[in-house]
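# Structure at a glance
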Amino acid sequence: MRALSDQSRSAPPAPPAGPSWAEGWPWCLVVGGTLWCGFVAGAAIGVAADAPGIRVERSDGAVVNGALVRLDGDGLCLWAEGAESVIPAAEIRVIERHPLPAPGAGAVRLILVDGSWIDGDDLAWDGGAVVLSRPDGRVELPVDKLRSAAWVKPGAGATGAAGVAWLSALPETVESDLLVVASGEGQEFVECAIKGVNADTVTVVLDEETIPVKRSKVIGIHWLRPEAKGPGVGMVAVDLVGGAVRAKRVEWTPDRLLLDGDVRIPEGATVRLDWAAGRTVSLAALVPEKLEVEPWFGALGKVPGLEGYFAPRGIAAGDGFSRPGLVMRPRTVAVWRLPADSRRLRTTIAPAAGPRAAGTNRVSVAVDDREVFRGEID
């Protein structure tokens, strides 16, 4: 403070800015042996003006509303009622952003090794981290966490089933990476090694020759990975704008969302963090391991451009349903791989058209090839 002693003392210096200053707080500052005192007036400053508003449901049922300061291994720090408070991670059930951001859809979908997914506008990979460009920023993740990339067709719906229909046609035995290209029959699988992806080409190695393939011909990429085990029970369910993933460790600040230390997601993509859902796997958030759709007019389901219309369509909570779900047309068979330690299956089945539904549909559910439910929905 000695360097300030020669400054003019005709007016007190301005108080420093920061979260510790709030409306009605006095301040004092010693300058060159002189004590300046004053009174700060104005709006309280506790967190950044654009800090996310959040609603926290605690494990005891209590609900707290505030602004996010940070979430890390020690728990959640939020600004509420003019002060910071910390909620231990063990006492958090759900954190939900409010108001909820609008849902989004992208041109490409990343499918992770556990079946979760993230949508974006463009994909790039040069051997390092995979980069997914989105309107709210960029997602970065290690390539070994990525199983497939599918260029999603317009109108594919919340689950993007129309964009990943080729997954149900994958060869039973996969011994290399696969490049999926459009063909007259729908798609063709080319065995190769994927080496890079940019806005114009997908670079592959085929018969020891490096070949750039035009992106306009590519509808998907499937990396050779160990057999999927499904999302682990006990993990945090992370709902995103255009995505649903799981993580063991979640760190969230007003700048970014960090999952398991190596998956970076724009902060604005965060919708909901659910610790309770770590004991639950939603089929609506998983890509089917097998999907067969046979509409009443069977040939239509094989017409390029129309097959996605008959595929299962995702619906969001609020579309007449209390939770996200799937609308499935008659003569659809979908198979999902569930975690090995799953104990209970719970679902609600109803006509998607409500009281306007005509006719009767038969629905059956089987677990490990054993039928556990069969009924008529009218």
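What you see is a predicted model; the values in this text were computed from it and never measured. (Residues numbered from 1 in each chain as written. Predicted model: local features only at pLDDT ≥ 70, side-chain atom pairs only at ≥ 80, totals over all residues. Heavy atoms only, no water.)

Attention now goes to the overall build of the protein. When helices and strands are counted, the protein shows 1 helix and 30 strands. Taken over 378 residues, the protein has a buried fraction of 37%. Carbon together with sulfur atoms contributes 52% to the accessible area of the protein, which is approximately 21800 Å² in total. (Helix = DSSP H or I, 4+ residues; strand = E, 2+ residues; numbered from the N terminus. Buried < 20%, exposed > 50% of the residue type's maximum accessible area, 1.4 Å probe, protein only. Areas by Shrake-Rupley, 256 points an atom, 1.4 Å probe, with all protein chains shown as cover.)

This brings us to the environment of glutamate 175. Position of glutamate 175 relative to the elements: it lies in the loop between β13 (146–151) and β14 (177–181). Residue glutamate 175 is classed as exposed on the basis of its relative accessible area, which comes to 63%. A C-alpha to C-alpha distance of 6.9 Å links glutamate 175 and leucine 224, two positions 49 residues apart in sequence.

Here we take up unusual backbone geometry. At the junction of histidine 98 and proline 99, the peptide bond is cis and its omega measures out at -5° in the coordinates. Relative to the helices and strands, proline 99 is located in the loop between β7 (92–97) and β8 (108–112). Despite not being glycine, aspartate 368 has its phi angle at roughly 55°, a positive value. With respect to the helices, strands and loops of the structure, aspartate 368 is situated in the loop between β29 (361–367) and β30 (370–377). Even without a glycine there, the phi angle at aspartate 369 is positive, about 65°.

Before going further, it helps to examine the packing of aromatic side chains. Across all of its chains, the model carries 2 aromatic pairs by this definition. With 6.5 Å between their ring centres and 65° between their planes, tryptophan 166 and phenylalanine 189 make a pair best called edge-to-face. With tryptophan 166 in the loop between β13 and β14 and phenylalanine 189 in strand β15 (residues 188–197), the pair connects residues that are 23 residues apart, well separated along the chain. One residue, arginine 109, lies across the ring of tryptophan 117, its end atom 3.7 Å from the ring centre. (Phe/Tyr/Trp six-rings, centres within 6.5 Å; stacked < 30°, edge-to-face > 60°. Lys NZ or Arg CZ within 6 Å of the ring centre and 35° of its normal.)

Once that is clear, we can look at the pattern of salt bridges. Throughout the structure, instances matching the rule amount to 17 salt bridges. Residue aspartate 119 is joined to arginine 109 by a salt bridge in which the shortest nitrogen-to-oxygen separation is 2.6 Å. Residue aspartate 119 is found in strand β9 (residues 117–120), and its partner arginine 109 is found in strand β8; the two are separated by 10 residues along the sequence. Both residues of the pair, aspartate 119 and arginine 109, count as buried. Note that aspartate 122 and arginine 215 form a salt bridge whose closest N and O atoms lie 2.8 Å from each other. In this pair, aspartate 122 sits in strand β10 (residues 122–124) while arginine 215 sits in the loop between β17 (209–214) and β18 (218–222), placing the two residues 93 residues apart along the sequence. Overall, the relative accessible area of 25% leaves aspartate 122 in the partly exposed class. (Salt bridge = Lys/Arg side-chain N within 4 Å of Asp/Glu carboxyl O.)

Moving on, we get to the nonpolar core. Among soluble globular proteins, nonpolar side chains are generally buried collectively. Among the nonpolar cores identified, the biggest contains 48 residues, and Leu179 and Ile221 are the most heavily contacted of them. Ignoring sequence-local partners within four residues, the contact set of isoleucine 221 consists of Arg147, Ser148, Ala149, Trp151, Trp166, Leu178, Leu179, Val180, Ile194, Val197 and Val202. Listed in part, the 6 residues of the second largest apolar core include Ile111, Ala150, Leu167 and Val287. (Core = buried A, V, L, I, M, F, W, Y, C linked by side-chain atoms within 4.5 Å. Contact = heavy atoms within 4.5 Å.)

Okay, the pairing of β15 next. The pairing of β14 with β15 spans 5 bridges and is antiparallel. Directly across from leucine 178, in β15, lies its bridge partner glutamate 191. The turn linking β14 back onto β15 is made up of 6 residues, and glycine 186 within it adopts a positive phi angle of 120°. In this sheet, strand β16 (residues 201–206) lies alongside β15 in antiparallel orientation, the contact comprising 4 bridges. When the bridges of β16 are listed, alanine 193 appears paired with valine 205. (Pairing = 2+ DSSP bridges.)

Here we come to a nonpolar patch on the surface. Residues Leu345, Ile349, Val367, Val372 and Phe373 make up a contiguous nonpolar surface patch of roughly 360 Å² in combined accessible area. In this fold, valine 372 is placed in strand β30. (Patch = residues over 30% accessible without salt bridge, like charges linked within 9 Å, V, L, I, M, F, W, Y side chains within 5 Å.)

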